[in-house]
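Each chain is listed here by its residues.
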Amino acid sequence: MPVIAVIGAQWGDEGKGKIIDLLAEKVNMVARFSGGNNAGHTVVNPYGEFAMHLVPSGIFYRHVTCVVGNGVVIDPAVLLEEIDQLKKRGVEVDKLFISDRAHLIMPYHILLDGLEEEARGGGAIGTTRKGIGPCYMDKVGRLGIRTGDLLQRDTFRDRLRSVLDYKNRILTRVYEAQPLSLEEIYDKYCRYGEQLAPFLRETDLMVEQALERGEMVLLEGAQGTMLDIDFGTYPYVTSTATMIGGACSGVGLSPVRIDRIYGVFKAYATRVGSGPMPTELFDDTAGLIRERAHEYGTTTGRPRRCGWFDAVVTRFSARVNGFCGACLTRLDILDTLPSIKICTGYRLNGEALTRPPSNSALLAKCEPLYEELDGWQTDISRLRHLEDLPPQARSYVRRLEELTDCPINIISVGPRREQTIVVKAIL
Ligand code: IMP
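Remember, it's a predicted structure, so these values are computed and weren't measured experimentally.

Structural notes on the domain arrangement of the protein chain
Consideration 1: Parsing the protein chain into structural domains produces domain 1 (3-99 + 200-261), domain 2 (103-196) and domain 3 (266-422).
Consideration 2: Centre-to-centre, using C-alpha coordinates, domain 1 lies 23 Å away from domain 3.
Consideration 3: Each side of the interface is counted separately: domain 1 has 38 residues, and domain 3 has 38 residues.
Consideration 4: Together, the buried faces of domain 1 and domain 3 total about 2,900 Å²; carbon and sulfur atoms form 60% of this surface.
Consideration 5: When residues of domain 1 are sorted by the area they lose upon contact with domain 3, Gln10, Trp11 and Lys18 head the list and together hold 24% of the total.
Consideration 6: The tally of links from domain 1 across to domain 3 stands at two salt bridges.
Consideration 7: For Arg417, the salt bridge goes to Asp21, with nearest N and O atoms at 2.8 Å.
Consideration 8: Secondary structure elements with two or more residues in the side of domain 1 that touches domain 3: helix 1 (16-24), strand 3 (41-45) and strand 11 (260-266).
Consideration 9: Looking at the side of domain 1 that touches domain 3, its residues break down into 21 nonpolar, 12 polar and five charged.

As structure tokens, this is what we get:
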């Protein structure tokens, strides 16, 4: 039975939640491997509409075991609230498991995320201010506290004391902020520990055992390739590996166990936060896309920057991740446009480029080269077969496949599960 991964190909918010929700029906386990509550998936299903931040979207199926892997950073308040909301709305959470190696977002991470952003001034990254970056910094800096640590109260107190001592010095001396109280954090996190305890497991072992039983595992990506710490538009990125490599270290799985990797492409581009985005639009089309698609951050509510599909970016993502296919989302959003552009390359200082430069300042100077296709100006949200799509929409899909060198398996034409065209089944 295969392991399949689903990865965002742009700057996040590609609609991975809906794709995972669709595929989860046919798998036994969904495992999330990176990011934290900076992510937000909106899922619409028979239980209602949910804004999910940490719990994998597979939770809506009774037969699916959901794993939050060691690569995810966890704000326990957010996770427990999400679990509570799910329970209140009739969704069972007895098959949800959290890695005991996952790092915890602590109150000083959230505080420092805001203070560091203020200090960056005009160079601010536009983070979600949820403490993600500072938490990953502590993980790598060997100052982190992990979910499993909460169960060893004595050592947790000692660890917290020494870390907090250091953090308070930074808070007070660098940022002239108030120090945080050891006792308050300790008590609060001990309570979180009690509530999280039933969910904590050595989840890498659970994934391994599922594979030994011949079960199917779906690896759920968060954010997108252009926000990856190495291959994204550095430094305007998130602090983690959003690409396929992150899936291996983020759940504890060998790369040779992963059978297929699918990208998720939105039919146009969006980005939230700062950093270069060559195809960004500042005209009425951007506003039209934003309002039709409600392109506002699920986590922060910030309006997303909108632009044309950037095939340079998606081709790059397809290559660095090794996509064998893709899911194209939100094609219906383009329904009303008389013509649609696709960015096929960049021009930088008179030179044509076919891949994004690694330096963000150079990427910001790239001029997108466009190809213009006719729009279809028809409502496609009720269509369920590729051959029913208007010829202009089929041409658009075909051109994206050619330019990204990646076949499109699924086309999403609306938020609901059934608003999907399966070109070639993934499972
Ligand atoms: P952080 O992950 O909060 O540190 O934010 C770093 C950058 O990644 C900012 O530009 C955020 O807007 C962006 N970002 C983080 N998570 C997401 C996401 O789920 N979707 C889109 N952008 C995100």
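Topic: the pairing of strand 2 (residues 29-32)
Consideration 1: Of the two faces of strand 2, both are covered, the one formed by Met29 and Ala31 as well as the one formed by Val30 and Arg32.
Consideration 2: Here strand 2 runs beside strand 5 (residues 65-68); their pairing, made up of four bridges, is parallel. Within strand 5, the position partnered with Ala31 by the bridge is Val67.

Re the state of the cysteines
Here a disulfide denotes one covalent bond, and it connects the sulfur atoms of two cysteines.
Consideration 1: By the definition in use, this model includes zero disulfides.
Consideration 2: The thiol sulfur of Cys324 is not disulfide-bonded, and the nearest other cysteine sulfur, from Cys406, lies at 7.3 Å.
Consideration 3: For Cys324, a relative accessible area of 35% translates into the label partly exposed.
Consideration 4: Between Cys343, a cysteine without a disulfide, and Cys366, which holds the nearest cysteine sulfur, the sulfur-to-sulfur distance is 8.9 Å.

Digging into the sheet that holds strand 5
Consideration 1: Strand order in the open sheet formed by 10 strands is 9-7-5-2-10-1-11-15-19-20, and the pairing between neighbours is mixed. Every other strand in the sheet has two partners, leaving strand 9 (200-201) and strand 20 (420-422) as the edge strands with one partner each.
Consideration 2: Here strand 15 (residues 325-329) runs beside strand 19 (residues 408-412); their pairing, made up of three bridges, is parallel. Pairing of Ala326 across the sheet is with Ile408, part of strand 19.
Consideration 3: Together, strand 1 (3-8), strand 2, strand 5, strand 7 (96-99), strand 9 and strand 10 (217-220) form the strand contacts of helix 7 (residues 203-212), whose direction differs from that of strand 7 by roughly 125°.
Consideration 4: Where helix 12 (residues 391-404) meets the sheet, its contacts fall on strand 11, strand 15 and strand 19, and the angle it forms with strand 19 comes to roughly 135°.

What to know about the packing of helix 3 (residues 107-120) against helix 4 (residues 132-140)
Consideration 1: Their axes nearest at 7 Å, the elements helix 3 and helix 4 cross at an angle of 115°. Where helix 3 crosses over helix 4, the handedness of that crossing is right-handed. In this structure, helix 3 contributes Tyr108, His109, Leu112, Asp113 and Glu116 to the contact, and helix 4 contributes Ile132, Pro134, Cys135, Met137 and Asp138.
Consideration 2: Among the residues making up the contact of helix 3 with helix 4, the classes are represented as six nonpolar, one polar and three charged.

Structural notes on helix 3
Consideration 1: For helix 3, built from 14 residues, the straight-helix expectation of 20 Å at 1.5 Å per residue is met to within 8% by its first-to-last C-alpha distance of 20 Å.
Consideration 2: When helix 3 is considered as a whole, its buried residues turn out to be Tyr108, His109, Leu112, Asp113, Gly114, Glu116 and Glu117.
Consideration 3: Packing partners of the buried residues in helix 3 comprise strand 8 (103-104), helix 4, helix 5 (153-174) and helix 6 (182-196).
Consideration 4: Taken from the residues just after helix 3, Gly121 is the one with a positive phi, measuring 55°.

Topic: the site of the ligand
Consideration 1: Around the ligand, the structure places 15 residues, and the nearest of them are Asp13, Asn38, Thr128, Thr238 and Val272.
Consideration 2: Measuring from an oxygen atom of the ligand, one finds a backbone N or O atom of Gly126 at 3.4 Å.
Consideration 3: In isolation the ligand exposes 470 Å². Once the protein is present, 97% of that is buried.
Consideration 4: Its residues assigned to classes, the shell around the ligand shows six nonpolar, seven polar and two charged.

Some thoughts on the pairing of strand 7
Consideration 1: Judged by which residues are buried, strand 7 turns out to be covered on both faces: Leu96 and Ile98 on one side and Phe97 and Ser99 on the other are all buried.
Consideration 2: Where strand 5 lies against strand 7, three bridges are found, and the strand directions are parallel. Among the inter-strand pairings, Val68 is bridged to a residue of strand 7, identified as Ile98.
Consideration 3: As paired strands, strand 7 and strand 9 are joined by two bridges and run parallel to one another. Bridge pairing links Ser99 to Arg201 in strand 9.

Quick look at helix 4
Count 3.6 residues to each turn of an α-helix, and residues three or four apart come out pointing the same way.
Consideration 1: Among the residues making up helix 4, those that are buried are Ile132, Gly133, Pro134, Cys135, Tyr136 and Asp138.
Consideration 2: Contact partners of the buried residues in helix 4: strand 6 (73-74), strand 8, helix 3 and helix 5.
Consideration 3: Note on helix 4: the residue one or two positions beyond its end, Arg142, has a positive phi of about 60°.

Quick word on the nonpolar core
Consideration 1: In this structure, Leu219, Leu331 and Tyr396 are the most contacted members of the largest nonpolar core, which totals 57 residues.
Consideration 2: Mapping this core onto the domain boundaries places at least three of its residues in each of domain 1 (3-99 + 200-261) and domain 3 (266-422).
Consideration 3: Beyond its immediate sequence surroundings of up to four residues, Tyr396 is in contact with Ala267, Phe309, Leu331, Leu334, Ile340, Ile342, Leu373 and Trp376.
Consideration 4: Core analysis: the second largest hydrophobic core is formed by 55 residues, Phe50, Val55, Ala102 and Phe156 among them.

Some words on the pattern of salt bridges
Consideration 1: The final tally for this structure, using the stated rule, is 24 salt bridges.
Consideration 2: Asp165 serves as the salt-bridge partner of Arg169, at 3.6 Å between the closest nitrogen and oxygen. You can see Arg169 and its partner Asp165 sitting in helix 5, four residues apart, about one turn around the helix.
Consideration 3: Notably, a salt bridge pairs Arg416 with Glu418, separated by 2.8 Å at the nearest N-O pair.
Consideration 4: For Arg416, a relative accessible area of 40% gives the class partly exposed.
Consideration 5: Shared partners join several salt bridges into a network, and the residues in it are Asp13, Lys266, Glu295, Arg304 and Arg330.

What counts, and at which threshold
Residues numbered from 1 in each chain as written. Predicted model: local features only at pLDDT ≥ 70, side-chain atom pairs only at ≥ 80, totals over all residues. Heavy atoms only, no water. Domains from an automatic or database assignment. Contact = heavy atoms within 4.5 Å. Buried area = accessible area lost by both parts, 1.4 Å probe. Salt bridge = Lys/Arg side-chain N within 4 Å of Asp/Glu carboxyl O. Helix = DSSP H or I, 4+ residues; strand = E, 2+ residues; numbered from the N terminus. Nonpolar A, V, L, I, M, F, W, Y, C, P; charged D, E, K, R; others polar. Buried < 20%, exposed > 50% of the residue type's maximum accessible area, 1.4 Å probe, protein only. Pairing = 2+ DSSP bridges. Disulfide = S-S within 2.5 Å. Axes fitted to C-alpha atoms, helices over the stretch in contact; angles between N-to-C directions. Left-handed = near helix turned anticlockwise from the far one by under 90°. Expected span 1.5 Å × (residues − 1). Near = heavy atom within 4 Å. Polar contact = N/O pair within 3.5 Å; in protein donor to acceptor, adjacent residues only side chain to side chain. Areas by Shrake-Rupley, 256 points an atom, 1.4 Å probe, with all protein chains shown as cover. Core = buried A, V, L, I, M, F, W, Y, C linked by side-chain atoms within 4.5 Å.

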